[in-house]
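Coordinate inspection notes
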Amino acid sequence: MPRAASRGGPAAERGTGADGRSEAGRGAASGAGPSGGTRTGTGRSWPSASGPAAGRARRGPLPRVAVPARRAAFRPVAIRTARDAVTAAALYLRWLGYRDVRRADQRPPSGIGLAARGLVAQVDPTVHPATPRDVECLWLTAMTESARCVYFSLAGYEDEARSRADALRVALFVLDLTGTPQPVNGSAGELLAPGA
């Protein structure tokens, strides 16, 4: 009776290809784990249904599963001045994946405007909560550029401003004095989601 190859058996039992490399070597080069799973950036292998047993029950390639990218921890900048608030917001946007953050061409009615590809942001370093008009002006600017909009405020938002932001899908963040933006509404949470 032929002996079944074990998962942890010698490389000779797994066979070699025409290029002289073992099947395990080819799997490692292509990103597949030793058990047929998908390798992650941490070196771990997630199980999949493409192992030897699954190959007998199922034919054809398996659909690719996107592994969410993990961000490194955000490193805030303490806020002491209005410029620090703008710096903290710009760093946060870069951390979210917007690499080309710069001063916006259009100046907002209040605060400082930032822009990146596909995004318009406003930083309000004043001690007054943002108003519905502030939120609407940012939204209108973003609409003219077909961009997503994000609002950063040191003093928070009036209740009506939050309601308008929810209706218009404007992402709201409050900057604390450590320089760490805190999400205020659902749109801000969506912006934080992997692949957003």
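Please read these numbers as outputs of a predicted model, since none were measured by experiment. (Residues numbered from 1 in each chain as written. Predicted model: local features only at pLDDT ≥ 70, side-chain atom pairs only at ≥ 80, totals over all residues. Heavy atoms only, no water.)

Digging into the overall build of the protein chain
Counting secondary structure elements, the protein chain contains seven helices and eight strands. The buried share of the protein chain, taken over its 196 residues, is 31%. Counting contacts in the protein chain only where the partners sit at least 6 residues apart, residues at least 24 apart contribute 41% of the total. About 12,500 Å² of surface is accessible on the protein chain, with carbon and sulfur atoms providing 54% of the total. (Helix = DSSP H or I, 4+ residues; strand = E, 2+ residues; numbered from the N terminus. Buried < 20%, exposed > 50% of the residue type's maximum accessible area, 1.4 Å probe, protein only. Contact = heavy atoms within 4.5 Å. Areas by Shrake-Rupley, 256 points an atom, 1.4 Å probe, with all protein chains shown as cover.)

Thoughts on the sheet that holds strand E7 (residues 171-175)
Reading across the sheet, the six strands line up as E3-E4-E5-E6-E7-E8 and stay open at both edges, with mixed pairing between neighbours. Two strands close off the open sheet at either side, each with one partner strand: strand E3 (102-103) and strand E8 (181-183). As paired strands, E7 and E8 are joined by three bridges and run antiparallel to one another. When the bridges of E8 are listed, Phe173 appears paired with Pro183. Against the sheet, helix H5 (residues 132-144) makes contact with strand E5 (119-124), strand E6 (148-153) and E7, and its axis sits at roughly 150 degrees relative to E6, the strand it touches most. (Pairing = 2+ DSSP bridges. Axes fitted to C-alpha atoms, helices over the stretch in contact; angles between N-to-C directions.)

Thoughts on the side chain of Ser187
Turning to its location among the elements, Ser187 is positioned in helix H7 (residues 186-192). The class for Ser187 is buried, based on a relative accessible area of 11%. Those residues in contact with Ser187 that lie beyond four places of it in its chain are Arg169, Val170 and Ala171.

Examining H5
Between its first and last C-alpha, H5 extends 19 Å over 13 residues, near the 18 Å set by a 1.5 Å rise per residue. For H5, the complete set of buried residues consists of Pro132, Asp134, Val135, Leu138 and Ala142. The buried side chains of H5 occupy one side of the element, clustering within an arc of 165 degrees when seen end-on. Seen from the open side of H5, the exposed residues pointing more than 90 degrees away from its buried face are Arg133, Leu140 and Thr144. (Expected span 1.5 Å × (residues − 1). Arc of directions from axis to C-beta.)

A closer look at the confidence of the model for the protein chain
For the protein chain, the average pLDDT comes to 75, and 63% of its residues sit at 70 or higher. Across residues 4-68 the pLDDT falls below 50, and counting only partners more than four positions away or on other chains, this stretch makes 49 contacts in the model. (pLDDT = per-residue confidence, 0-100.)

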